[in-house]
Amino acid sequence: MSAAATLQKPETIRRRAVFVLPGYDPAPPRRYREIYRSEAAKQGEITGQSIGLSPVSRPAPFYGWQVSAQQAGRSTHSAHWILPWNDLVRSSMKAGIFGIYPLALRTGWTYLKGGALWALLRLRWQPMLAVFYPLAVLMGQVLVATAGAALGWQLAGWAGLALGLGASLAGAEYLRRQDSRTYIYYLLHLYAFAARNMARPNPDLARRMNALADQVQAALDDGVDEVLVVGHSLGAQLATDLLGDMLRDGRLNGPGHVALLTLGQIIPMMSFLPAAQRLRRNLRAVAASSRIFWLDVSSQADGGCFALADAAAVSGVAPQGAQNPLVISAAFADTVEGAETQRFFARHFQYYRAFARPENYDYFAITAGPLPLAARYAGRKNSPQCILKPFVRVQDGPDG
């Protein structure tokens, strides 16, 4: 039974606090505000929802704006807060053409040694292409450099060897500078950060997450009707950890609804790692909670996520009679015009954008509309393609 079934009747949301955890994205948070502004206007033309944005004072380190919405004669005011960590993303992407190879080897070994790589391939092979693609390109670079150096040595000795190596380095540097198009370095840095953060949490990110937990509780103490935590891509793992930690710490007190919305999640990339004990503990806590309603939205057209996978179940930690999550498909092929022509990352960010047919999923109705998330999806069942089979059997300690 989903948490939505425990809600007796829909309630009108007048005040909402939305906390957004972006994925591994070096872009500044104002980009998300501008996406929200432009896409809300497009969606409103279809749904009739009127949305206006205004500035709001924001405590460090948050970035935010206020949303006033009108729909079917009902008004809703939502404070939107983004937890910026784009600076941490940029600082973690400093490995150059010499540093990227040992980084790739360490990351690959991390996923190989605990069996996570094979489990992820069995779960969904499509997103794993994003792992093998940069590794294949880097391996190709090494082979080309080796062949060039060998040919140069045969033709002109030391001078030819130096020329061959120099040409290979120039080619590698050119490819690095084209990363905004190829995403080779970006993807490797993403997986490296994710794996490293499981074993040794980034201290700066941990401090910001603690500050966010305080803001979530402050919103509940202030009497908002709903607290909605949104996590996209790698941010879905952060959002799950946030609410799981708060549950286990005895927080999330107050009469308001608490909801978790995960979009295009890649949680198994971390939860399958042996070092991810805290994440698995939090997945279990949130899955079992009747305090939180958790909606997970993905699409099989999004090759950058583990589509329609119940993150707690596939990680082997879903408790008996789990309340969460409700797993639904955004079905881009049916709901987004031109979805099949979108580039890889455009599809991965589609969850933040307008839909031509938003009956199944509407980000702006969810974040600014008059219904709580649980009421909006009351009575819904998991999509038929939902994956519930456990793919790992990691033996955690007593706290796991």
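Structure: above.
Residues numbered from 1 in each chain as written. Predicted model: local features only at pLDDT ≥ 70, side-chain atom pairs only at ≥ 80, totals over all residues. Heavy atoms only, no water.

### A look at the pairing of strand β6 (residues 257-263)
By the criterion of burial, β6 is predominantly enclosed, with seven of the seven residues buried. Here β6 shows no split at all, with His257, Ala259, Leu261 and Leu263 on one side and Val258, Leu260 and Thr262 on the other all buried. Inspection of the sheet shows strand β5 (residues 226-232) paired to β6 by seven bridges, in the parallel sense. Bridge assignment links Glu226 to a residue of β6, and that residue is His257. Considered for its hand, the β-α-β crossover made up of β5, helix α9 (residues 234-248) and β6 is right-handed. Two elements, β6 and strand β7 (residues 292-298), share six bridges in a ladder whose sense is parallel. Within β7, the residue paired with Leu261 across the bridge is Leu295. (Buried < 20%, exposed > 50% of the residue type's maximum accessible area, 1.4 Å probe, protein only. Helix = DSSP H or I, 4+ residues; strand = E, 2+ residues; numbered from the N terminus. Pairing = 2+ DSSP bridges. Right-handed = clockwise from strand over helix to strand, strands pointing away.)

### Overview of the state of the cysteines
Summed over all chains, the structure comprises zero disulfides. Its sulfur unpaired, Cys305 is 13 Å from the next cysteine sulfur, which belongs to Cys386. Taking relative accessible area as the criterion, Cys305 reaches 2% and is therefore assigned buried. (Disulfide = S-S within 2.5 Å.)

### Some remarks on the nonpolar core
Counting 71 residues, the largest nonpolar core has Leu242, Leu243 and Met269 as its most contacted members. A per-element tally of this core places helix α7 (residues 184-199) first, with eight residues. Within the second largest apolar cluster, 41 residues are counted, among which are Val20, Leu308, Ile366 and Ala374. (Core = buried A, V, L, I, M, F, W, Y, C linked by side-chain atoms within 4.5 Å.)

### Overview of the packing of aromatic side chains
Inspection of the entire model under this criterion finds 15 aromatic pairs. Here Tyr24 and Trp85 contribute two aromatic rings whose centre-to-centre distance is 6.2 Å and whose plane-to-plane angle is 65°, an arrangement assigned as edge-to-face. Remark: Trp85 occurs in the loop between β4 (74-82) and α2 (86-91) and Tyr24 occurs in the loop between β1 (15-21) and α1 (30-47); sequence separation between them is 61 residues. By relative accessible area, which is 2% here, Tyr24 ends up buried. Between Tyr36 and Tyr363, the ring centres sit 6.0 Å apart and the planes meet at 70°, which makes this aromatic pair edge-to-face. (Phe/Tyr/Trp six-rings, centres within 6.5 Å; stacked < 30°, edge-to-face > 60°.)

### Description of helix α11 (residues 277-288)
Given a rise of 1.5 Å per residue, 12 residues ought to cover 16 Å, and the 17 Å separating the end C-alpha atoms of α11 matches this to within 8%. Every buried residue belonging to α11 is among Leu279, Arg280, Asn282, Leu283, Ala285, Val286 and Ala287, and all of these are buried. If you follow the buried residues of α11, they end up packed against α7, α9, β6, α10 (268-271), β7 and α12 (311-314). (Expected span 1.5 Å × (residues − 1). Contact = heavy atoms within 4.5 Å.)

### Things to note about the packing of helix α3 (residues 100-113) against α7
Relative to each other, α3 and α7 sit at 50°, their axes nearing to 10 Å. It follows from the interaxial angle that α3 and α7 lie oblique. In this structure, the crossing between α3 and α7 has a hand that is left-handed. Only Tyr185, Leu188, His189, Tyr191, Ala192, Ala194, Ala195 and Arg196 of α7 make contact with α3, whose side of the interface consists of Ile100, Leu103, Ala104, Thr107, Thr110 and Tyr111. Grouping the amino acids of the contact of α3 with α7 by side-chain chemistry returns 10 nonpolar, three polar and one charged. (Axes fitted to C-alpha atoms, helices over the stretch in contact; angles between N-to-C directions. Parallel < 35°, antiparallel > 145°, perpendicular 65-115°, else oblique. Left-handed = near helix turned anticlockwise from the far one by under 90°. Nonpolar A, V, L, I, M, F, W, Y, C, P; charged D, E, K, R; others polar.)

### Thoughts on the pairing of strand β8 (residues 326-329)
With burial as the criterion, each face of β8 is covered, one bearing Leu326 and Ile328 and the other bearing Val327 and Ser329. For β7 and β8, the ladder comprises four bridges, and the chain directions are parallel. Across the sheet, residue Ser298 finds its bridge partner in β8, namely Ser329.

### A few points about a nonpolar patch on the surface
On the surface, Trp109, Leu112 and Trp118 cluster together to form a nonpolar patch covering roughly 360 Å² of accessible area. Structurally, the position occupied by Leu112 is in helix α3. (Patch = residues over 30% accessible without salt bridge, like charges linked within 9 Å, V, L, I, M, F, W, Y side chains within 5 Å. Areas by Shrake-Rupley, 256 points an atom, 1.4 Å probe, with all protein chains shown as cover. Salt bridge = Lys/Arg side-chain N within 4 Å of Asp/Glu carboxyl O.)

### Overview of unusual backbone geometry
A cis amide bond links Asn324 with the next residue in sequence, Pro325, at an omega value of -10°. Relative to the elements of secondary structure, Pro325 occurs in the loop between α12 and β8. Phi at Ser233 takes a positive value of approximately 60°, unusual for a residue other than glycine. For Ser233, the position within the fold is in the loop between β5 and α9. Here the phi dihedral of Leu252 falls at roughly 65°; this positive angle occurs in a residue that is not glycine.

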